[in-house]
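These are the residues of each chain, in order.
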Amino acid sequence: MDLASEIVERANEHFLCSQKPLVTLTYAQSLDGSITAWRGIPLAISGAESYVLTHGLRGVHDCILVGIGTVLADNPRLTCRKENGRDPQPVVLDSQLRFPLDAAMLDNTLKPWIFTTDHIDQEKRKLLEDMGARVIPLEADAHGRVSLEALLDCLGSMGVKSVMVEGGARIITNFLSHRLADQLVLTVAPIFVGGLQAFESRQLLEQTDPPDPNKFLRLADMKFAQYGDDLVLWGQLAPECV
Ligand SMILES: NC(=O)c1ccc[n+]([C@@H]2O[C@H](COP(=O)([O-])OP(=O)(O)OC[C@H]3O[C@@H](n4cnc5c(N)ncnc54)[C@H](OP(=O)(O)O)[C@@H]3O)[C@@H](O)[C@H]2O)c1
């Protein structure tokens, strides 16, 4: 079975047993773990072949999620640019409703779902909703950002079976440190960038000091393949439902 079919099957099983979407973390990094050179500036890291793979994966997920930092930096459309591919529903985490009124995503057929908190400008909310976006306030976490647990509960109640989380660094860090990512598809490009690290702090994994190697978050059932010059590896981050 190929990776895309595996994900669809796993998402169905996961939803049946948890009523929550399967979370696939997917991003591209350099050999030194950078996802861009400077926070807030886009950088194309992966090559053409792995780009095709990523867009194929977008097509098999119900939703694709990024943080507002990525929207402000890259202005992505988050569509599936693969022949006959199905667009996933774009989802943005944006606690303060900083979402730009001229964001490219607002021109998509599927307008974005913007998950936010209660502390937002209601006029801006109305403007975004008039443009077709869905603005969904949720409870905030201890740092005032959208609670990821509340987000997954809400998406599950909306019938969403799979979410592809594409970044950026703060979103990747938060999903990993809360152990809310079920699987990882990581593209590693053969370059050194020396920039913004995908995962921002070991402390967030509740490690001991000195760190205990047995407690590191670990990728299980790891597989890999070469796509052009890039290495793509994937595996499971959370035990499957039983
Ligand atoms: N190489 C790749 O695959 C890849 C993919 C995507 C992005 N990128 C790069 O990553 C960079 C952006 O990364 P970033 O870390 O600045 O921004 P980000 O992770 O895209 O977004 C982070 C922001 O999302 C909001 N947010 C809301 N709820 C959150 C939660 N529960 N956890 C974490 N964040 C939450 C926060 O802003 P509020 O407090 O205002 O809500 C937070 O600052 C860009 O330069 C982009 O080019 C690279």
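Details of the structure are given in the entry above.
Residues numbered from 1 in each chain as written. Predicted model: local features only at pLDDT ≥ 70, side-chain atom pairs only at ≥ 80, totals over all residues.

Draft legend 1. Looking closely at the sheet that holds strand β10 (residues 220-227). The strand order across the open sheet built from nine strands is β6-β5-β4-β3-β7-β1-β8-β11-β10, with neighbouring strands paired in mixed fashion. Two strands in the sheet have a free side with no partner beyond their single neighbour: β6 (134-137) and β10. Taken over all neighbouring pairs, the strand axes of this sheet differ in orientation by 20° on average, direction set aside. Where strand β3 (residues 63-67) and strand β4 (residues 89-93) come together, five bridges link them in parallel fashion. The residue bridging G67 from the neighbouring strand is L93, located in β4. Sheet strands in contact with helix α1 (residues 3-18) are β1 (22-29), β7 (162-167) and β11 (230-236), and its direction is about 145° off that of β1. (Pairing = 2+ DSSP bridges. Helix = DSSP H or I, 4+ residues; strand = E, 2+ residues; numbered from the N terminus. Axes fitted to C-alpha atoms, helices over the stretch in contact; angles between N-to-C directions. Contact = placed C-beta atoms within 7 Å.)

Draft legend 2. Looking closely at the site of the ligand. Neighbouring residues of the ligand: 32 residues in total, closest G67, G69, S95, G167 and G168. Secondary structure elements with two or more residues in the shell around the ligand: β1, β2 (34-36), β3, α3 (68-74), β7 and α6 (169-177). Looking at the shell around the ligand, the element that brings in the most residues is α3, giving five residues. Its residues assigned to classes, the shell around the ligand shows 14 nonpolar, ten polar and eight charged. (Near = placed C-beta within 6 Å. Nonpolar A, V, L, I, M, F, W, Y, C, P; charged D, E, K, R; others polar.)

Draft legend 3. Main features of the pairing of β3. The element β3 is largely enclosed, with a buried count of five among its five residues. Burial of the side chains of β3 extends over both faces: C63, L65 and G67 are buried on one face and I64 and V66 on the other. With α3 bridging β3 and its parallel neighbour β4, the resulting β-α-β unit is right-handed. Looking at chain direction, β3 and β7 are connected through four bridges and run parallel. For V66, the partnering residue across the bridge sits in β7 and is G167. (Buried ≥ 20, exposed ≤ 12 C-beta atoms within 10 Å, placed from the backbone. Right-handed = clockwise from strand over helix to strand, strands pointing away.)

Draft legend 4. A look at helix α2 (residues 48-58). Restricting attention to buried positions, one finds in α2 the residues S50, L53, T54, L57 and R58. Along the axis of α2, the buried positions cluster into a sector of 145°, meaning they face one direction only. (Arc of directions from axis to C-beta.)

Draft legend 5. Summary view of the nonpolar core. Formed by 52 residues in total, the largest nonpolar core has its most connected members in L25, L65, V92, V163, V165, I172 and F175. If sequence neighbours within four positions are ignored, V163 has contacts with P21, V23, H61, D62, C63, L65 and L155. (Core = buried A, V, L, I, M, F, W, Y, C linked by C-beta atoms within 7 Å.)

Draft legend 6. Seen up close, α1. The terminal C-alpha atoms of α1 lie 22 Å apart, and with 16 residues this matches the ideal 22 Å at 1.5 Å per residue to within 8%. Here α1 has its buried residues at I7, A11 and H14. Buried residues of α1, viewed axially, fall in a sector of 75°; they line one side. The exposed set on the far side of α1, more than 90 degrees from its buried face, consists of S5, E9, N12, L16 and C17. (Expected span 1.5 Å × (residues − 1).)

Draft legend 7. Main features of the pairing of β6. When strand β5 (residues 113-116) meets β6, the two strands line up parallel, connected through four bridges. Bridge pairing in β6 links W113 to R134. The parallel pair β5 and β6 is bridged by helix α4 (residues 122-130), and the resulting crossover is right-handed.

Draft legend 8. View of unusual backbone geometry. The residue after G167, namely G168, is reached through a cis peptide bond having omega 0°. Among the secondary structure elements, G168 is positioned in the loop between β7 and α6. With a phi close to 60°, Q19 is a non-glycine residue in the positive phi region. Relative to the helices and strands, Q19 is located in the loop between α1 and β1. Q19 gets classed as partly exposed once you count the C-beta atoms within 10 Å, which come to 13. Even without a glycine there, the phi angle at R179 is positive, about 55°. Positionally, R179 belongs in the loop between α6 and β8 (183-188). Look at R179 and you get exposed, because 12 C-beta atoms sit within 10 Å.

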